[in-house]
Amino acid sequence: FIYLMKLLIYNKQFKKIYKSQNNTFLVQSETQYLPFRLNRQRAMLNNIQIVSRSGRKNIMIKFYRNLKEIYEGRCRIPPKLFNKISKKINKRIKNKNYKFSIKRKIKLNIGLDDYQKNKISYKHKKYFTSKKEINKFFNFEDKPIVVILAHEYTDGNLSQSWNLYENDMLWLVDTIEKIKKIKDVNWIIKSHPSEKIFNAKISTEEIFNKKIKSINNIKLFPSDYEIGNFYKYISTVLTSHGTAAYEYPLFSVPTIICGEANCSGNGFTLEPKTKKQYYKLLKNISKVKKLNSNQVKKCWIFNYIFRYILLEEIPFMTDKVTIQSNYNKIHLWKNYFAQLNKNKIYFNLRNLKKSMKLSLKNKNNFVINYRKI
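Residues numbered from 1 in each chain as written. Predicted model: local features only at pLDDT ≥ 70, side-chain atom pairs only at ≥ 80, totals over all residues. Heavy atoms only, no water.

**A few points about a nonpolar patch on the surface**
Among the surface-exposed residues, Tyr 3, Leu 4, Leu 7, Leu 8 and Leu 34 lie close enough to one another that they form a single nonpolar patch of about 500 Å² accessible area. Tracing the backbone through its elements, the reader meets Leu 8 in helix H1 (residues 2-19). (Patch = residues over 30% accessible without salt bridge, like charges linked within 9 Å, V, L, I, M, F, W, Y side chains within 5 Å. Areas by Shrake-Rupley, 256 points an atom, 1.4 Å probe, with all protein chains shown as cover. Salt bridge = Lys/Arg side-chain N within 4 Å of Asp/Glu carboxyl O. Helix = DSSP H or I, 4+ residues; strand = E, 2+ residues; numbered from the N terminus.)

**Here we look at the packing of helix H6 (residues 168-179) against helix H9 (residues 275-283)**
H9 packs onto H6 with a crossing angle of 45° between their chain directions and a minimal axis gap of 11 Å. Comparing their axes, H9 and H6 come out oblique. H6 and H9 meet at a crossing whose hand is right-handed. Taking contact as the criterion, the partners of Trp 171, Asp 174, Thr 175 and Lys 178 in H6 are, on H9, Tyr 278, Tyr 279 and Leu 282. Looking at side-chain class alone, the contact of H6 with H9 contains four nonpolar, one polar and two charged residues. (Axes fitted to C-alpha atoms, helices over the stretch in contact; angles between N-to-C directions. Parallel < 35°, antiparallel > 145°, perpendicular 65-115°, else oblique. Left-handed = near helix turned anticlockwise from the far one by under 90°. Contact = heavy atoms within 4.5 Å. Nonpolar A, V, L, I, M, F, W, Y, C, P; charged D, E, K, R; others polar.)

**A short note on the environment of Ser 20**
Take Ser 20: it is sitting in the loop between H1 and strand E1 (25-27). Once the C-alpha coordinates of Ser 20 and Lys 99 are considered, the two residues, 79 residues apart in sequence, prove to be 51 Å apart.

**Regarding the sheet that holds strand E7 (residues 236-239)**
Overall, parallel pairing links the five strands, which are arranged E6-E5-E4-E7-E8 in an open sheet. Of all the strands in the sheet, the pair left with one neighbour each is strand E6 (218-220) and strand E8 (255-257). Across the sheet, the mean angle separating the axes of adjacent strands is 20° when strand polarity is ignored. Both strand E4 (residues 145-149) and strand E5 (residues 186-190) contribute to a ladder of five bridges, which runs parallel. Each residue of the ladder has a partner; that of Ile 145, found in E5, is Asn 186. Sitting on the sheet, helix H8 (residues 204-211) touches E5 and E6, and the angle it makes with E6 is about 150°. (Pairing = 2+ DSSP bridges.)

**A word on the pattern of salt bridges**
Close approach of charged atoms lets side chains of opposite charge pair. Counting across every chain of the model gives 11 salt bridges. One salt bridge connects Lys 126 with Asp 224, and the closest N-O pair in it is separated by 3.1 Å. Here Asp 224 lies in the loop between E6 and E7 and Lys 126 lies in the loop between helix H4 (98-103) and helix H5 (131-138), a separation of 98 residues in the sequence. The partner of Glu 312 in a salt bridge is Arg 371, and the shortest N-O contact between them spans 3.3 Å. Placement of Glu 312 in strand E9 (residues 312-313) and of Arg 371 in the segment after helix H12 (350-361) is noted, with a sequence separation of 59 residues between them.

**A closer look at the side chain of Thr 204**
For Thr 204, the position within the fold is in helix H8. For Thr 204, a relative accessible area of 1% corresponds to the buried category. There is a polar contact of 2.7 Å between the side chain of Thr 204 and the side chain of Tyr 153. Each residue touching Thr 204, except ones within four places of it in the same chain, is listed here: Ala 150, His 151, Tyr 153, Leu 172, Ile 189, Ser 191, Glu 195 and Leu 220. (Buried < 20%, exposed > 50% of the residue type's maximum accessible area, 1.4 Å probe, protein only. Polar contact = N/O pair within 3.5 Å; in protein donor to acceptor, adjacent residues only side chain to side chain.)

**Description of the confidence of the model for the chain**
In the predicted model, the chain carries a mean pLDDT of 88, and 92% of its residues have values of at least 70. pLDDT under 50 marks residues 114-121. Its contacts with residues more than four places away, or in other chains, come to 19 contacts. (pLDDT = per-residue confidence, 0-100.)

**Looking at the packing of aromatic side chains**
Following the criterion strictly, the structure yields 22 aromatic pairs and no others. Ring geometry for Phe 128 and Phe 221: centres 6.1 Å apart, planes at 70°, overall edge-to-face. Within this pair, whereas Phe 128 is found in the loop between H4 and H5, its partner Phe 221 is found in the loop between E6 and E7, the two being separated by 93 residues in sequence. In this pair, the class of Phe 128 matches that of Phe 221, namely buried. Through a chain of ring-to-ring contacts, the aromatic side chains of Phe 128, Phe 137, Phe 138, Phe 140, Phe 221, Tyr 225, Phe 230 and Tyr 233 assemble into a single cluster. One Lys or Arg, Lys 178, reaches over the ring of Tyr 279 and ends 4.4 Å from the middle of that ring. (Phe/Tyr/Trp six-rings, centres within 6.5 Å; stacked < 30°, edge-to-face > 60°. Lys NZ or Arg CZ within 6 Å of the ring centre and 35° of its normal.)

**Quick notes on unusual backbone geometry**
The peptide bond linking Leu 34 to Pro 35 adopts the cis configuration, its omega dihedral lying at 10°. The phi torsion at Tyr 33 lies on the positive side, around 65°, for a residue other than glycine. Structurally, Tyr 33 can be placed in the loop between E1 and helix H2 (36-45). A positive phi angle is found at Asn 47, which is not glycine, with a value near 60°.

**Some words on the environment of Leu 8**
By relative accessible area, which is 54% here, Leu 8 ends up exposed. Sequence separation between Leu 8 and Phe 230 is 222 residues; the distance between their C-alpha atoms is 48 Å.

Okay, structure coming up:
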């Protein structure tokens, strides 16, 4: 009732603010939560275009121009834009060494997004080195391995235009109930890397212990192991809408998503549109084939676009601040001023201005760094 009351008050205030605004922009980074979500909805109802930023030092900027786009994530690359840029990239990268060309420009992380870094040291974590070692560790029979990558349950629930589930916790609970009956594969469930940072009231381990108890072919991924090389030993990955959707297909691993992801609709993910379709995929998961070379190439090009072409650098920003935001303020501002004093050109965001001006002129969904294409 308190949240509903706040919602009604904010709605009345935003109505007044936007009533007399014409041909203006709302610049707002966050697109979830109260009052941000309501603010952009109210602005869009008044035909006000929205500019939303993601990232810190290297930023991505998205434009929202109509109500149909209002629920889309601010990092979701629509197929129309993906295909447009892909054609230009394919003209340049025709040979079989396209992976090498892309690797020179971007850093590919599996299982640890830069945005989710925390204080935990990953230097001392262990790696599995073979499927035989995995089977022995989990006491598995020799079957295909399917990994379920859980989410942090308080974030990202309101960041998509569609999802089969009301929230990510319900997705995991329902998925666990269904896989209990599927015995022809081994299942491994992994907690999200930023779960401890948010300190949510429920964890993946608690859900696992409550729902699984003792089922031989369903296990929890150990917290003292790293998942970065695990793609070598698995057959399929499940995520509700996470970054795994454009990480594991790089290595031909089919990835099932249950909602809008940053890469959804671009031809290299499995996207059931109903729960019935999702359950059918789960039931027949041992028959899901590896991705073909065309799908793999699409994923590599997506990462090239997402992690390179659509990013603009803000030179004086720091990328050392983590999602925890537990930074030393004095150290942070000293870092900024040191960067600014190195070169006066840092004050001049000339490249960003050029890209933004051209992207606005072309009515693009995103600010495109044309210099990199």
